[in-house]
Amino acid sequence: MTQVIESYSSPFYKNIIDLPPSMVRKLWKNGKIMILDIRTPQEYEDHHIAGAILAPLDYLEHLTELFEDKEVAVVCEHGNRASYATYGMPHLYKKRAYYMIGGMALWMSLGYEVESGMDENGLLWQKILEKKFNY
């Protein structure tokens, strides 16, 4: 009897691309992409990229109106949640999604700019959920 050995390889999605923070920053500075921060509100308040839109991972599937018509760089703290939010949920992105390698930790270690505090972009997700679910 012949035994077939199957190998597992990660799927390829033409709309998802891995990029280092340097390339994400360049696209962002040139106005080509939106930064989608999928961390918790507490993490966002502690430090975030200026102009980033907060869409916590736990609610991401309900918040697609924030980003569905835009190219986005998906950012978390170290890259693990962003990997899941792109490769694990490729159907959420109508346009291109960039998985930012290394997350905010690598962004900050490279000396790139961050802000702290809660702002309007950090509260949009709550307003969308309140309107959608009437609470």
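Everything that follows concerns the structure shown earlier in this document.
What counts, and at which threshold
- Residues numbered from 1 in each chain as written.
- Predicted model: local features only at pLDDT ≥ 70, side-chain atom pairs only at ≥ 80, totals over all residues.
- Heavy atoms only, no water.
- Helix = DSSP H or I, 4+ residues; strand = E, 2+ residues; numbered from the N terminus.
- Buried < 20%, exposed > 50% of the residue type's maximum accessible area, 1.4 Å probe, protein only.
- Contact = heavy atoms within 4.5 Å.
- Areas by Shrake-Rupley, 256 points an atom, 1.4 Å probe, with all protein chains shown as cover.
- Lys, Arg positive; Asp, Glu negative; His and termini not counted.
- Charge placed at Lys NZ, Arg CZ, Asp CG, Glu CD.
- Pairing = 2+ DSSP bridges.
- Axes fitted to C-alpha atoms, helices over the stretch in contact; angles between N-to-C directions.
- Salt bridge = Lys/Arg side-chain N within 4 Å of Asp/Glu carboxyl O.
- Phe/Tyr/Trp six-rings, centres within 6.5 Å; stacked < 30°, edge-to-face > 60°.
- Arc of directions from axis to C-beta.
- Patch = residues over 30% accessible without salt bridge, like charges linked within 9 Å, V, L, I, M, F, W, Y side chains within 5 Å.

A. Expanded view of the overall build of the protein. Counting its regular elements, the protein contains five helices and five strands. Helices and strands in the protein line up, N terminus first, as β-α-β-α-β-β-α-β-α-α. Reported as C-alpha extents along the three principal axes, the dimensions of the protein are approximately 65 × 40 × 25 Å. Looking at the 135 residues of the protein, the share that counts as buried comes to 41%. The long-range fraction of contacts in the protein, counting pairs at least 24 apart against all pairs at least 6 apart in sequence, stands at 73%. About 7900 Å² of surface is accessible on the protein, with carbon and sulfur atoms providing 51% of the total. With 14 positive and 18 negative side-chain charges, the protein shows a spacing of 9 Å between the two charge centroids.

B. Looking closely at the sheet that holds strand β3 (residues 53-54). One open sheet accounts for five strands, arranged β1-β5-β4-β2-β3; its pairing is parallel. The outermost strands of the open sheet, each flanked by one partner alone, are β1 (16-19) and β3. Packing against the sheet, helix α3 (residues 80-87) makes contact with β1, β4 (72-75) and β5 (97-100), and its axis sits at approximately 160° to β5.

C. Representation of the pattern of salt bridges in the model. Evaluation of the coordinates by the stated rule reveals nine salt bridges. Between Arg25 and Glu113 there is a salt bridge; the shortest N-O distance is 2.8 Å. Here the residue Arg25 occupies a position in helix α1 (residues 21-29), and Glu113 occupies one in the loop between α4 (103-109) and α5 (124-133), the gap between them amounting to 88 residues. Overall, the relative accessible area of 28% leaves Glu113 in the partly exposed class.

D. Here's a closer look at the environment of Ile49. With respect to the helices and strands, the residue Ile49 is situated in the loop between α2 (41-46) and β3. Leaving out residues up to four positions away in the same chain, Ile49 has contacts with Trp28, Ile35, Met104, Trp107 and Glu113.

E. Local environment of the packing of aromatic side chains. Counted under the stated rule, the structure contains six aromatic pairs. For the pair Tyr13 and Tyr87, a centre-to-centre distance of 6.4 Å together with 45° between the ring planes defines the contact as tilted. In this pair, Tyr13 is assigned in the segment before β1 and Tyr87 in helix α3, connecting sequence segments 74 residues apart. By relative accessible area, Tyr87 is classed as partly exposed at 27%. An aromatic cluster of three or more residues is present, and its members are Tyr13, Tyr87 and Tyr99.

F. Just α3, in detail. For α3, the complete set of buried residues consists of Ala82, Ala85 and Thr86. All buried residues of α3 fall inside an arc of 95° around its axis, so they share one side. In this fold, the buried residues of α3 make contact with β1, β4 and β5.

G. Region of the structure containing a nonpolar patch on the surface. On the surface, a cluster of nonpolar side chains totalling about 220 Å² of accessible area is made up of Ile101, Leu106 and Leu110. You can see Ile101 is positioned in the loop between β5 and α4.

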